[in-house]
Amino acid sequence: MYDVVLLVEQELSEPDAKRVVELHHDLPEPVTYHVLVPCHNAEAGVEASISALGTADLYGPGLAGQRQDLAEAQKAIDSEAKGCSGRSVQRLRDLGQSAQGGITHERPIDALVATVKQKGGREVIILTRQHVVAEFFHLDWTNSARRHLGVPVLHLLEQDPQPTKA
């Protein structure tokens, strides 16, 4: 079995799923894809935003009263991430591939490293939108994964599922 771990920023489009599968079409052994979707922490995001604005003293204590709203926001975020993972897995399965997926609340690279170890991943594919600044400073997921893993890491840029008209 050849296990490939995919870290995706958003749902795999049909063209992206086809492109991923085509990379492995000539392997002599069966391939299993493990799709990992990072899921943002609503509360941590709000707290980080408030801290970044330098207004934590003004609004920090007010977060305690917002716990219910944040919990509901987190449920919505988790639901969307699970849907993204499920639809991505289904696109791979529709192409005749073995695939499974899940979400993570951990830092994406920490979750990726853990998944590669747990699944015995022999290859990693990171699928993102283009992040020019992060890539320039080597702070993107791909460069970070290459520093932490001993397996091949391929970075693909997401394809627009609907071509733009000229």
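Here the structure is a predicted model, which means the values were calculated and not measured. Within every chain, residues take consecutive numbers counted from 1 along the sequence as written. Predicted model: local features are reported for residues with pLDDT of at least 70 only, side-chain atom pairs are reported and counted for 80 or more only, and whole-chain, interface and lining totals are derived from all residues. Derived side-chain values reflect all non-hydrogen atoms in the structure, with water molecules and hydrogen atoms excluded from consideration.

In this text, buried Ala, Val, Leu, Ile, Met, Phe, Trp, Tyr and Cys residues form a nonpolar core when linked through side-chain atoms within 4.5 Å. Each residue gets one of three labels from its accessible area relative to the maximum for its type: buried under 20%, exposed over 50%, partly exposed in between, using a 1.4 Å probe on protein chains only. Of all hydrophobic cores here, the largest spans 20 residues; its most connected members are V4, L6, V8, Y33 and L92. Elements with a minimum of two residues in this core: strand 1 (2-8), helix 1 (14-22), strand 2 (31-38), helix 4 (67-94) and strand 4 (123-128). One finds I109, A145, L149 and V153 within the second-largest nonpolar core, a separate group that totals 13 residues. By definition, any uninterrupted DSSP run of H or I lasting at least four residues is a helix, any uninterrupted run of E lasting at least two residues is a strand, and each is numbered from the N terminus.

Let us look at the layout of surface pockets. Cavities and pockets are found on a 1 Å grid laid over the protein atoms alone: a cavity is a set of points where a 1.4 Å probe fits but cannot escape, a pocket is an open set with protein on both sides within 12 Å along at least five of seven lines, and a lining residue has an atom within 4 Å of such a point. Grid points are joined across faces, edges and corners, and a volume is the space filled by probe spheres set on the points. Counted as a void, the largest pocket has a volume near 280 Å³. Along the wall of the largest pocket there are 14 residues; nearest its centre are E9, V37, P38, H40 and A81. Counting residues per element, the ones that place at least two in the lining of the largest pocket are strand 2 and helix 4. Ranked by residue count, the leading element in the lining of the largest pocket is helix 4, at five residues. Residue polarity is assigned by list, with Asp, Glu, Lys and Arg as charged and Ala, Val, Leu, Ile, Met, Phe, Trp, Tyr, Cys and Pro as nonpolar; anything else, Gly included, falls into the polar class. Taken together, the residues that form the lining of the largest pocket break down as eight nonpolar, two polar and four charged.

This part covers the pattern of salt bridges. Within this document, salt bridges are pairs made up of a side-chain nitrogen of Lys or Arg and a carboxyl oxygen of Asp or Glu, the two lying within 4 Å of each other. All chains considered together, the criterion is met by seven salt bridges. Of the charged contacts, one joins E11 and R91 as a salt bridge, the two residues approaching to 2.6 Å between their closest N and O atoms. You can see E11 sitting in the loop between strand 1 and helix 1 and its partner R91 sitting in helix 4, a full 80 residues away along the chain. With a relative accessible area of 24%, E11 lands in the partly exposed category.

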